[in-house]
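Structure assessment
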Amino acid sequence: MSGQVLLTGATGGIGREIAAALASAGESLILGCRNAEKARSLVAALPGEHEVVEIDLASEKSVRAAVAALEGKKLKGIIHNAGTMERRFRTDEQGREMTMAVNYWNTQLLTELLLPRLEEGGRIVFTTSLTRYIPFLSKSPEVREKDFSQLLTYARSKKALTRYAAALAAQGVGVNCADPGVVDTGMISMDRWFDPLADLFFRPFIRSARKGAEPALRAFSSPRTGRIFCRRRTHRL
Ligand SMILES: NC(=O)c1ccc[n+]([C@@H]2O[C@H](COP(=O)([O-])OP(=O)(O)OC[C@H]3O[C@@H](n4cnc5c(N)ncnc54)[C@H](OP(=O)(O)O)[C@@H]3O)[C@@H](O)[C@H]2O)c1
């Protein structure tokens, strides 16, 4: 396969490590990022030739514009690593709750629009989270203001994304999920009074971003599909 690999969220903690590992392995990357300037300085630090496409997953318009900008490209893979855990209820242009819009709705839209550009045997990786196991989570991706909770809405978005990945795998698309575990990045800050305490007592014991990138790298390169790659083991989607 000769195509490029589209990686979203490359400017974040885990994404930088995925980008560095893939670039060192000789892959040509397209970094799909909302902050193009940050992404371009990342490209300058990577070995090899890479591109940047601006994608704000909070906006369907931005996703469609990014797909138009990728016209004519063949993709060897798509690694959906971008994600958010919004502190407060807010909505996108369509009135959909924002964590769900970024982590699920617009990630799904990006996938659907890019599926025809995926090379034969190409791979799609979705980044899920352990939070999908929280008991009694609603399966519905519709989140109303009265149902919003920072952690539970995030968990619902990852559950919905994992179910979507399983549906694609059942259709024969080469899909895997990556579950990074609990990783020392900006994502685990809750923007609450207890963050400094958690940083002191909790952060030293969790996984580094480099370790957190490993499941996505294995999910991308493994000959097996239809699986969730965790810290050490894999299981069926
Ligand atoms: N850290 C953990 O413990 C953990 C556990 C399970 C799963 N995950 C998942 O792992 C993935 C990477 O997270 P991380 O831990 O590396 O967190 P992070 O450092 O906060 O990185 C998040 C990345 O997503 C990007 N992003 C956020 N909102 C976006 C939007 N609207 N459009 C486009 N890009 C957007 C960010 O872009 P900017 O650089 O512009 O902010 C950043 O590159 C996420 O999907 C997260 O849910 C993380």
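The sections below set out a description of the structure shown in this document. None of the values given here were measured: they were computed from a predicted structure. (Residues numbered from 1 in each chain as written. Predicted model: local features only at pLDDT ≥ 70, side-chain atom pairs only at ≥ 80, totals over all residues.)

**Description of unusual backbone geometry**
- Even without a glycine there, the phi angle at Phe136 is positive, about 65 degrees.
- Topologically, Phe136 is positioned in the loop between strand S5 (118-127) and helix H5 (150-170).
- According to the C-beta neighbour criterion, Phe136 is exposed, with 5 such atoms within 10 Å. (Helix = DSSP H or I, 4+ residues; strand = E, 2+ residues; numbered from the N terminus. Buried ≥ 20, exposed ≤ 12 C-beta atoms within 10 Å, placed from the backbone.)

**Brief notes about the environment of Tyr154**
- With respect to the helices and strands, the residue Tyr154 is situated in helix H5.
- Expressed as a C-alpha distance, the spacing of Tyr154 and Arg132, which sit 22 residues apart in the sequence, is 8.6 Å.

**Some details on the sheet that holds strand S4 (residues 75-80)**
- On the basis of which strands lie adjacent, the open sheet formed by eight strands has the order S3-S2-S1-S4-S5-S6-S7-S8 and mixed pairing. Each edge of the sheet is formed by a strand with only one pairing partner; in this case those strands are strand S3 (51-54) and strand S8 (234-236). Strand-to-strand twist in this sheet, taken as the mean axis angle between neighbours without regard to direction, amounts to 20 degrees.
- Where strand S1 (residues 4-8) and strand S2 (residues 29-33) come together, four bridges link them in parallel fashion. Paired with Thr8 across the bridge in S2 is Gly32.
- Strands S4 and S5 of the sheet are contacted by helix H4 (residues 98-114), whose axis makes an angle of about 175 degrees with S4. (Pairing = 2+ DSSP bridges. Axes fitted to C-alpha atoms, helices over the stretch in contact; angles between N-to-C directions. Contact = placed C-beta atoms within 7 Å.)

**Brief notes about the site of the ligand**
- In the vicinity of the ligand there are 28 residues, among which Gly9, Gly12, Gly83, Thr185 and Met187 approach most closely.
- The element best represented in the shell around the ligand is helix H1 (residues 13-24), accounting for three residues. (Near = placed C-beta within 6 Å.)

**So, the nonpolar core**
- In this structure, Leu7, Ala19 and Leu31 are the most contacted members of the largest nonpolar core, which totals 54 residues.
- Element by element, the count of residues in this core is highest for H4, at eight residues.
- When near neighbours in sequence (up to four residues on either side) are disregarded, Leu31 contacts Leu7, Ala10, Ala19, Ala39, Leu42, Val43, His50 and Val52. (Core = buried A, V, L, I, M, F, W, Y, C linked by C-beta atoms within 7 Å.)

**Remarks on H1**
- Across its twelve residues, H1 extends 17 Å between first and last C-alpha, which sits within 8% of the 16 Å expected from 1.5 Å per residue.
- Residues Ile14, Gly15, Arg16, Glu17, Ile18, Ala19, Leu22 and Ala23 constitute the buried set of H1.
- Check the buried side of H1 and you find it contacts S1, S2, helix H2 (36-45), S4 and helix H7 (209-221).
- Just downstream of H1 lies Gly26, where phi reads positive at about 95 degrees. (Expected span 1.5 Å × (residues − 1).)

Interpretation note: all reported values are geometric properties and have no functional meaning in isolation.
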